[in-house]
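Summary of the model geometry
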Amino acid sequence: MASQSSNLWVLLGLGLAGILIMTRKLKKAVKADFGAFVERLKLLPPPQPPPPKAPHPLTALSFAISDVFDIDGFVTGFGNPDWSRTHGPASQTSTVVSALVEGGATCTGRTVVDDMAFGISGEQRHFDTPTNPAAPARMPGGSSSGAAVAVAANFVDFSLGTDAVGGVRVPAAYCGVLGFRPSHGTVAHTGIIPVSASLDTVGWFARDPSILRRVGHVLLQVPFTAQRNPRNVVIADDCFQSLSFLGDHISQAVTKAVEKLFGRQILRHENLEAYLNSKVPSLKQFAGKKSNGERKSSSTNLLAYAMHILRRHEFKQNHLEWINAAKPNLDPVISAQMQGALEITDTTIDSCHAIRSEMRSALSDLLKDDGILVIPTVAEPPPKIGAKEIQSEDYQIRSCSFSSIASMSGGCQVCVPMGFHDKCPISVSFVARQGGDIFLLDTIQTMYASLQEQAELATKSSASGNALSKETSAEMAKEKGNQAFKEKQWQKAIGFYTEAIKLNGNSATYFSNRAAAQLEMGNFLQAEDDSSKAIDLDKKNVKAYLRRGTAREMLGYYKEAIEDFRYALVLEPTNKRASQSADRLKKFFP
C-alpha cells in the first residue's frame, strides 16, 4: 500500500514537472518574436511592371509597422487595450503604409508601442515589454519599441515608427540599429494616431543604410540624384564629453571617418551649450524650472524640458476628452503628465514656440545647406528592465536631451550604431537642417562602412590599455586646440595644447603648436621654451625652429634667431618664411 502511495506521488510529481516544462515551452514560444508584434498580417505589393520598366524600388523587402498606423479593416491599438475596445476598424490604410506596399515591400505585422505611444523607455504594462535583442536585460526604448526590436532581431528588413521626442531615435540607439527621423512635415501623417502635431514625424528603422535610404526616397517622394558631400561637419565636443561611456572614442571615430572620406578641412569643433545659450535666448526663461529637485541647467536639458511641455500640451488637446470619457487603465507616467498638462499656461506655450523658432534659425545658421551636426543619440545606456528611474520626469528629460535638437528645430536626424560598451549598444547621431533629409541619408550611406571600421578600431584601442587611450585623448585635445587657434581664441588654444601635453608629453607637435599660440599672445619666453622642447623631441621640426626664431627675434636675441631661421632653411630650402626672416636679420648679422 505504501509502495502504491509512493508511486502515486512519483507520477504526480512527474505530471507537475511535465506541466512546468510545457508552460516554459509555451512562454518560450510566445517570446519567439521577442514580443515585438501585437498582430501578424500580410499586405502584399502589386505585381512587378513588365520590362523595360524598372522594378518597384522596394522589391523583395519586408517591413512592420507600429500599432499607430491605420490599416483598412483593422483596429489600431495605440498601445492600450481600452483604446482598442472603444474604437472601430479603420476605414482606410495610412498613406505611408500604402506608399511602401505600392513601392514593392511586403508588410508582415503590427508592432508594440508604449501606452498611447507616449513613453520613451519601451516598458509596456498592458503587454509584455519587447525584449531588446542587443541587450536582453535592458529596455528596448520607446515609443516605437516593437518596430526597433523587429529590425534588430532580423524579422523584417525595415520598420515604421513615429517620433515626436525620440520615439524612433531612442529605441534605435538602445537596440543597436539605424533609425531615421525626417524633417517635420516632410512625410504625410494621414492615417496615423497623433501624439503631438507640431513634433510628430514618421520615422523608420533598418540595419542597412542603403535600405534606410531607399525607404527615404519612397516616403519623401524624391528621385535619386547625384550625391553631394558635406562641406561642414560640426562635432559637439561638450556633448560627447558629458557622456559617462566612451564619448571621446565615439567622436574620435567620427573625426577619423570624416578625415578619411572628405578631408580634415571640413571639420569643426563646437561647444553646443555655449552656442545654444547665445542663439536661443528664450531658453533662459526655463533656467529656473525644476524637476524632482534638480535644476535643469544645461541648454539641451532646458530644450528637452520645453519640448516635453509642448508635447504634453498637444497630447492633452488630442486625447484628454477620450481619457475623461473612457476612464482607461493608463501607465502612471501618462497620468502624471496629464495632471501636469492641466497646469500649463498660454504664456508657457508661447515661450515653447519662441524656442522652437529660435532653434530652427540657430541650426540653419550653424549648418547651412551642406552641414551636419554630430552629437550623441542618448546621454546614457539603456536602463535595466524593472528600473524605477524610468518613471521619473528627470529620466524623460535626460533620455531625450539630445533628441530635442532635431525635434525643436524641425530638422532631420539619423542614429548610427557604433558597436558595444559593457554589453550595451552605443551609437552616434547626425543632424541636418530642416529639408536636408536626402542629403543626410546619402551622407550616411557614404560614411557607414568607414564609421563601423573606425568604431571597431576605437573599441580595440580602448581595450588595449590606458596608455593608448591617453594618446587618443591627447590627439583630440590637440584638434580642439587647432580649432580654437583658427578661431583666434589663443588662450583657449593654449589650454587645449596644455591638456594634450599632460596626456602625452612626447609629441613635438603639441609643444610647437602651443608655442604658436604663445606667440600670438605675446608670451615670447614661453614660446621660446615650448619651441626648444619641440626641437628636443624632433630635430627636424621646421615649424618649431621658425617659432623659436620668431620668439628670439622679439626678445632681441638676433644672433640665435638667425641661426634658427637658417637651420629651418637647411631642413626645408624652399620655405619662404625662413628665407624672408633670415634676410631681414642680415642687417644685424651679415
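Residues numbered from 1 in each chain as written. Predicted model: local features only at pLDDT ≥ 70, side-chain atom pairs only at ≥ 80, totals over all residues. Heavy atoms only, no water.

The protein chain appears in an unreviewed UniProt entry as Amidase domain-containing protein from Anisodus acutangulus.

A few words on the nonpolar core. A general trend in soluble globular proteins is that nonpolar side chains are found buried together. Counting residues in each nonpolar core, the largest one holds 142 residues, and the members touching the most others are Phe158, Leu160, Leu272, Leu373 and Phe430. The dominant element in this core, judged by the number of residues it contributes, is helix α10 (residues 299-326), at 13 residues. The next biggest cluster of nonpolar side chains, apart from the first, holds 20 residues, and it includes Ala508, Ile535, Phe565 and Ala568. (Core = buried A, V, L, I, M, F, W, Y, C linked by side-chain atoms within 4.5 Å. Buried < 20%, exposed > 50% of the residue type's maximum accessible area, 1.4 Å probe, protein only. Helix = DSSP H or I, 4+ residues; strand = E, 2+ residues; numbered from the N terminus.)

Turning next to the packing of helix α20 (residues 542-555) against helix α22 (residues 576-584). Direction vectors running N to C along α20 and α22 enclose 25°, while the axes themselves pass 11 Å from each other. Compared by their axis directions, α20 and α22 come out roughly parallel. Crossing angle aside, the handedness with which α20 passes α22 is left-handed. Residues Leu546, Arg547, Thr550 and Glu553 of α20 touch α22, and the partners they reach there are Arg577, Ala578 and Arg584. (Axes fitted to C-alpha atoms, helices over the stretch in contact; angles between N-to-C directions. Parallel < 35°, antiparallel > 145°, perpendicular 65-115°, else oblique. Left-handed = near helix turned anticlockwise from the far one by under 90°. Contact = heavy atoms within 4.5 Å.)

Compared with the 40 Å implied by 1.5 Å per residue over 28 residues, the 39 Å span of α10 between its first and last C-alpha is a close match. Along its length, α10 shows its largest kink, about 55°, at histidine 319. Across the 28 residues of α10, 22 count as buried, placing the element largely inside the fold. After α10 finishes, the residue lysine 327 shows a positive phi value of roughly 50°. (Expected span 1.5 Å × (residues − 1). Bend = angle between axes of the 7 residues up to and from the residue.)

Turning our eyes to something else, we now look at empty space enclosed by the protein. One pass over the structure, following the stated rule, counts six cavities of 30 Å³ or more. Lining the largest cavity are 14 residues, with Gly119, Ile120, Ser121, Asp331 and Val333 positioned closest to its centre. Sorting the residues of the lining of the largest cavity by element identifies α11 (332-341) and α13 (393-399) as the ones contributing at least two each. Residue composition of the lining of the largest cavity, by class: six nonpolar, four polar and four charged. (1 Å grid on protein atoms, 1.4 Å probe; cavity = no way out; pocket = protein on both sides within 12 Å on 5 of 7 lines; lining within 4 Å. Points joined across faces, edges and corners; volume = space filled by probe spheres on them. Nonpolar A, V, L, I, M, F, W, Y, C, P; charged D, E, K, R; others polar.)

Right, let's get into the UniProt feature "repeat: TPR" (unreviewed entry) in the protein chain. Using the residue numbers shown here, the UniProt feature "repeat: TPR" (unreviewed entry) corresponds to residues 542-575. Spanning residues 542-575, this segment combines 82% helix with 0% strand, and its end C-alpha atoms are found 9 Å apart. (UniProt positions renumbered as here; feature names shortened; annotations may be inferred.)

Turning next to the pairing of strand β3 (residues 106-111). Burial analysis of β3 places six of its six residues in the buried class, the great majority of the element. Across four bridges, the pairing between strand β1 (residues 37-43) and β3 is antiparallel. Directly across from leucine 43, in β3, lies its bridge partner cysteine 107. Alignment of strand β2 (residues 62-66) against β3, held across five bridges, turns out to be parallel. If you follow alanine 64 over to β3, its bridge partner there is glycine 109. (Pairing = 2+ DSSP bridges.)

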